[in-house]
Amino acid sequence: VGFATRQVGNVTKPTVIISQEGDKVVVRTQSTFKNTEISFKLGEEFDETTADDRTCKSTVTMEGDKLVHVQKWDGKETKFVREIKDGKMVMV
């Protein structure tokens, strides 16, 4: 990721919309910088192209009240955990 893209990404406050469509979960991320959408079945690996244009294998699971998203690419791994706290979605 280039320096300019990283700087814009660091100050962008995206809107994340999570919905269920049949047996799939859809996560839409909307911002003034870039919009993305992924659709998947919980627990099943899928191909994902990230907002910074990485291609990875992803798996999303529910662990209690937390949505856990694991991305794997080039021998690396990233894990995002989303949960609702005080009425707001928090991601770590």
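Attention in this report is confined to the structure presented alongside it. Being a predicted model, the structure only gives us computed values, none of them experimental.

With that settled, consider the pairing of strand β5 (residues 55-63). In this sheet, β5 lies alongside strand β4 (residues 46-49) in antiparallel orientation, the contact comprising four bridges. Paired with Phe 46 across the strands is Ser 58, a residue of β5. Here β4 hands over to β5 after five residues, with Asp 53 in that stretch at a positive phi of 70°. In this structure, β5 lies alongside strand β6 (residues 66-73), joined through seven bridges in antiparallel fashion.

Attention now moves to the sheet that holds strand β7 (residues 76-85). Strands sit in the order β4-β5-β6-β7-β8 across an open sheet of five strands; the sheet is antiparallel. Each having just a single partner strand, β4 and β8 (88-91) make up the two edges of the open sheet. Looking at each pair of strands side by side, their axes are set apart by 30° on average, direction ignored. Bridge count for β7 against β8 is four bridges, and the pairing is antiparallel. Bridging across to β8, Arg 82 finds its partner in Met 91.

Thresholds, definitions, all that
- Residues numbered from 1 in each chain as written.
- Predicted model: local features only at pLDDT ≥ 70, side-chain atom pairs only at ≥ 80, totals over all residues.
- Heavy atoms only, no water.
- Pairing = 2+ DSSP bridges.
- Helix = DSSP H or I, 4+ residues; strand = E, 2+ residues; numbered from the N terminus.
- Axes fitted to C-alpha atoms, helices over the stretch in contact; angles between N-to-C directions.

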